[in-house]
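Tertiary structure, described
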Amino acid sequence: MTVLFEASFERTLDLLCARLNGKTAEAWTFDDARSRRAAEHRLAERGVSARIRSAYKPLLHFFLEEVEPRDLAAVTIAYPVHPQAPANRFLLEAYPLAALLAGAEVTFHPRADGAFHYDVTLTFKDGRREERRVAAPNRVHTDMAGETSVSPTGWLCLGDDTVGERLETDYERMFESAMTAIAGHPWTGGEPYFEELSIRAEFPAADEPLGFADEVLSLREALHEDFYFSLLEVFQRKSGRPLGDRGLKPGQIAPDIKLSDDAVRVRVELRPLSRSAITSSDEPLDAASLDRAAAPVGDTAIRAGLERIGGEPFEAGTRSGRRVLARYVQGSDAPVIISGGQHANETTGVVGALRAAERLAQRPGAHFTVSPLENPDGYALHHRLRAGNPRHMHHAARYTALGDDLEYRNPVEAGPHLNEKAIRVEAERRSGARLHLNLHGYPSHEWTRPLSGYVPRHFAMWTLPKGFFLVMRHHAGWETAAERLLDRVTAHLATIPGLAARNAEQIALYEVHAGETGFCLVNGFPCLSSLDERSTVPVTLITEYPDETIYDDAFIQGHTAQMETALAAYEAWQELVVS
């Protein structure tokens, strides 16, 4: 192992407690509420009256910490629109305030300026009205990708100074220092540059559940996301690729952000790839247990499920040496390809694919391939990261150990790196399928990159949950079949108890905090259909369930929805092909 960077940082709250001597102070830092209150108490013991607020999602924290929501009748919020940020940037940052203030009438409207504050009007049930200005400290800067970003930052106001100045916090220093060291390392040769780039950080901020859906305030999860995607952007620049290029193969990037008692430190090192098995203490080894699986399953359960499905086994390799396992069940039906786990942190599709295939295998004439876990290297990383942070979305596990999205590998150009993609090539060769059911997921709670502009670059439409939705990609000449398939599948999904209602709730909140979904509704389900000829299979139906990372009943609901989609699509496809 080669250590590239290692450092500890003085905690910003300790720095403030040691240096503030005036009578009053106001600060914004990246810390949890408990830590900020403790620092205020320490300062009060020294005669300093301080208010330490959150630099992350300050409007939301204002309502959580300074307003009693039960007393409110109405809230009107004017948010800034900065010329160098998305128009809805500060509206997104307020999420999920509308849901938390469900007893009051909440109205948002944009201001004509980009000044970093919200104008808030509070109307109370007893008739009182208050006008409040809620600061939202931000800075305009060049981020690690070389792009201009408007990002939350620490801030400090002393005494009567209401303007104040930027306070570079421990959270920001740790990120910038580690990123600068990695970007400045003399990387040699071409892609991939390493096996695993490990970023192990410790930060003393506990996750704070909001008591609504799966939403949680997590500075550590946000730091994982910013490290991972910023590093992809650094290596995209180094390789001469455009930002967002999913074909980049830097190696496996693995940020692991642990909760510490008080320390702020980070260690960056090059490590060999993990090759260990994915194990679970309570594997669902029979069909009934798999139906009740309340968490992502391990290798043993996947192998057991494939054995129950039967058919002809086939497989492909990965960079680490793990195997992508698949089965081909041959019959008289129109063939279909079923896959899950392309993005390995999207875990309901793995179980949903197994469950659907088991049921199809009992059908006379069934004709399909199934590869429930296309990305076992990413899945192993997800398993490892979940041990410390079980509810985080862990996007570092999204791509393969090469660091790329296997969907974007061109078999003609892949050379020695075809690896996981070979499973799809072989599935199509064996079956001749014209429909691919590709089971995916996306974050079950808000996704942010607070140190790089807040809104995840190239993924803005995924930043908030908006229910279970479907993406249809089709070749020219297949439009009618694709539209009919969407109609048939969504009509079936609408019969699943509770699914449409959960969709409607998430879509309504999304529209308050982000605007239009950009999708059309088909039988109450958001759908996006487009002409796309990247795949050699002419029709691809992609599911998107908000499953990063859920458990228990929510997980069961997720993989049941995935299974029902696959079964409904298979059945509808048979009728569409015949007609």
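The notes below deal with the structure included here. Bear in mind the structure is a predicted one, so any value in this text is a computation, not a measurement. (Residues numbered from 1 in each chain as written. Predicted model: local features only at pLDDT ≥ 70, side-chain atom pairs only at ≥ 80, totals over all residues. Heavy atoms only, no water.)

**Quick look at the pattern of salt bridges**
By the definition in use, this model includes 63 salt bridges. Salt-bridge contacts for Asp-143 lead to Arg-457; the nearest nitrogen and oxygen are separated by 2.5 Å. Within this pair, whereas Asp-143 is found in the loop between strand E8 (138–142) and strand E9 (148–152), its partner Arg-457 is found in the loop between strand E21 (435–443) and strand E22 (469–474), the two being separated by 314 residues in sequence. Each of the two residues, Asp-143 as well as Arg-457, counts as buried. In this structure, Arg-363 engages Asp-333 in a salt bridge whose closest nitrogen and oxygen atoms are separated by 2.9 Å. Placement of Arg-363 in the loop between helix H10 (348–361) and strand E20 (368–371) and of Asp-333 in the loop between strand E18 (323–329) and strand E19 (336–340) is noted, with a sequence separation of 30 residues between them. Residue class for Arg-363 comes out partly exposed when judged on its relative accessible area of 26%. Of the residues examined, Asp-333 reaches a relative accessible area of 15% and is grouped as buried. Connected through salt bridges with shared partners, the residues Glu-26, Arg-36, Arg-37, Glu-40, Arg-51, Arg-53, Glu-65, Glu-66, Asp-126, Arg-128, Glu-130 and Arg-132 form a single ionic network. (Salt bridge = Lys/Arg side-chain N within 4 Å of Asp/Glu carboxyl O. Helix = DSSP H or I, 4+ residues; strand = E, 2+ residues; numbered from the N terminus. Buried < 20%, exposed > 50% of the residue type's maximum accessible area, 1.4 Å probe, protein only.)

**Comments concerning the side chain of Ser-218**
Among the structural elements, Ser-218 can be located in the loop between strand E14 (216–217) and helix H7 (219–238). The class for Ser-218 is buried, based on a relative accessible area of 2%. Non-local contacts of Ser-218, meaning those with residues more than four positions away in its chain, are made with Asp-207 and His-392. (Contact = heavy atoms within 4.5 Å.)

**With respect to the side chain of Arg-355**
Its location among the elements puts Arg-355 in helix H10. Accessibility expressed as a relative area gives 6% for Arg-355, which makes it buried. A distance of 2.8 Å separates the side chain of Arg-355 from the side chain of Asp-291, its partner in a polar contact. Within polar-contact distance, the side chain of Arg-355 engages the side chain of Thr-560 at 2.9 Å. The residues touching Arg-355, leaving out its near neighbours within four places in the chain, are Leu-290, Asp-291, Ile-556, His-559, Thr-560 and Met-563. (Polar contact = N/O pair within 3.5 Å; in protein donor to acceptor, adjacent residues only side chain to side chain.)

**Comments concerning the sheet that holds strand E12 (residues 196–203)**
Read from one edge to the other, the open sheet built from four strands follows the order E1-E16-E12-E15, with strand pairing classed as mixed. Bordering the open sheet on either side are strand E1 (2–8) and strand E15 (252–259), each of which pairs with just one other strand. Averaged over all pairs of adjacent strands, the angle between strand axes in this sheet comes to 10°, irrespective of strand direction. One ladder, built from seven bridges, connects E12 with strand E16 (residues 265–271); its direction is antiparallel. Across the sheet, the residue bridging to Ser-198 is Glu-269, located in E16. Along the sheet, H7 makes contact with E12 and E15, crossing E15 at roughly 160°. Together, E12 and E15 form the strand contacts of helix H11 (residues 376–386), whose direction differs from that of E15 by roughly 10°. (Pairing = 2+ DSSP bridges. Axes fitted to C-alpha atoms, helices over the stretch in contact; angles between N-to-C directions.)

**A few points about the packing of aromatic side chains**
Each aromatic ring pair is specified by the distance between its two centres and by the angle formed by the two planes. Following the criterion strictly, the structure yields 22 aromatic pairs and no others. The interplanar angle of 45° and the centroid separation of 5.5 Å between the aromatic rings of Phe-229 and Trp-447 together place this pair among those described as tilted. Here Phe-229 is found in helix H7, whereas its partner Trp-447 is found in the loop between E21 and E22, with 218 residues between them in sequence. Taking the relative accessible area as the measure of exposure, Phe-229 reaches 6% and is therefore buried. (Phe/Tyr/Trp six-rings, centres within 6.5 Å; stacked < 30°, edge-to-face > 60°.)

**So, the nonpolar core**
Judged by nonpolar contacts, the single largest core of 91 residues is most densely connected at Phe-63, Val-120 and Leu-197. If you tally residues by element for this core, the top one is H7, at ten residues. Setting aside its immediate chain neighbours within four residues, Val-120 contacts Leu-59, Phe-62, Phe-63, Val-75, Thr-76, Ile-77, Glu-130, Glu-131, Arg-132 and Val-134. Counting residues in each nonpolar core, the second largest holds 56 residues, with Val-350, Leu-493, Leu-499 and Val-522 among its members. (Core = buried A, V, L, I, M, F, W, Y, C linked by side-chain atoms within 4.5 Å.)

**Quick notes on the sheet that holds strand E7 (residues 129–135)**
The strand order across the open sheet built from four strands is E5-E4-E6-E7, with neighbouring strands paired in mixed fashion. Whereas interior strands pair on both sides, the edge strands pair on one side only; in this sheet they are strand E5 (105–110) and E7. Averaged over all pairs of adjacent strands, the angle between their axes in this sheet comes to 15°, without regard to strand direction. Bridging between strand E4 (residues 72–79) and E5 involves six bridges; their strand directions are parallel. By the bridge assignment for E5, Ala-78 is matched with His-109.

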